[in-house]
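As a plain string of letters, each chain reads:
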Amino acid sequence: MSSDSESSDASADTAVVKFNSKTVARLFAEHFERPDTRISAAAVETAAEYLRIFTREAIWRTDKALKDAAANGADSGDENRTTNISGARLRMMGVEDLARIAGTLVLDF
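Residues numbered from 1 in each chain as written. Predicted model: local features only at pLDDT ≥ 70, side-chain atom pairs only at ≥ 80, totals over all residues. Heavy atoms only, no water.

**Concerning helix H4 (residues 95-108)**
Here's step 1: Its 14 residues give H4 an end-to-end C-alpha distance of 20 Å, which sits within 8% of 20 Å, the value for a rise of 1.5 Å per residue.
Here's step 2: The axis of H4 is deflected most strongly, by about 45°, at Ala102.
Here's step 3: Considered for burial, the residues of H4 that qualify are Asp97, Ile101 and Leu105. (Helix = DSSP H or I, 4+ residues; strand = E, 2+ residues; numbered from the N terminus. Expected span 1.5 Å × (residues − 1). Bend = angle between axes of the 7 residues up to and from the residue. Buried < 20%, exposed > 50% of the residue type's maximum accessible area, 1.4 Å probe, protein only.)

**Observations concerning the pattern of salt bridges**
Here's step 1: The final tally for this structure, using the stated rule, is eight salt bridges.
Here's step 2: For Lys67, the salt bridge goes to Asp63, with nearest N and O atoms at 3.1 Å. Note that Lys67 and Asp63 are positioned in helix H3 (residues 41-71) at a spacing of four residues, about one turn of the helix.
Here's step 3: Under the relative-accessibility criterion, Lys67 is labelled exposed at 54%.
Here's step 4: Accessibility expressed as a relative area gives 32% for Asp63, which makes it partly exposed.
Here's step 5: Across the salt bridge formed by Asp97 and Arg100, the nearest N and O atoms sit 2.6 Å from each other. In this pair, Asp97 and Arg100 are both assigned in helix H4, three residues apart and thus about one turn of the helix distant. (Salt bridge = Lys/Arg side-chain N within 4 Å of Asp/Glu carboxyl O.)

**Regarding H3**
Here's step 1: For H3, with 31 residues, the first-to-last C-alpha span of 45 Å sits near the 45 Å given by 1.5 Å per residue.
Here's step 2: Of all the positions in H3, only Val44, Ala47, Ala48, Arg52, Ala58, Thr62 and Leu66 are classed as buried.
Here's step 3: Of the residues one or two after H3, Gly73 is the one with positive phi, at around 85°.

**Quick word on the packing of aromatic side chains**
Here's step 1: Tallied over the entire structure, the rule returns four aromatic pairs.
Here's step 2: Geometrically, the ring pair formed by Phe54 and Phe109 is edge-to-face, given 5.1 Å between the ring centres and 80° between the ring planes. Of this pair, Phe54 sits in helix H3 while Phe109 sits in the segment after H4; the two residues are 55 residues apart in sequence, bridging distant segments of the chain.
Here's step 3: Taking relative accessible area as the criterion, Phe54 reaches 25% and is therefore assigned partly exposed. (Phe/Tyr/Trp six-rings, centres within 6.5 Å; stacked < 30°, edge-to-face > 60°.)

Written out as structure tokens, the structure reads:
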């Protein structure tokens, strides 16, 4: 395989998803007490990046917790959310899974 195709495969795995700056600005504006309060574009971009990192970390931690639970033989008994694929047990991430890691995630940030 050539180095060009290897680098393109690596970049496909690390695609960056960003929060829309207009959406972030709107969220801020909705919670300002005074209607004449303004926020700079740089502050909106920084907040959007913070939200992206926070969300990505939440997904990573939840995925790790689910893999650790599967490795330790823990099972929630919820067969609707579990699938057997060639002997490997995979689970779909749910709100309750995110809630389990929320405390430590928020403390770390």
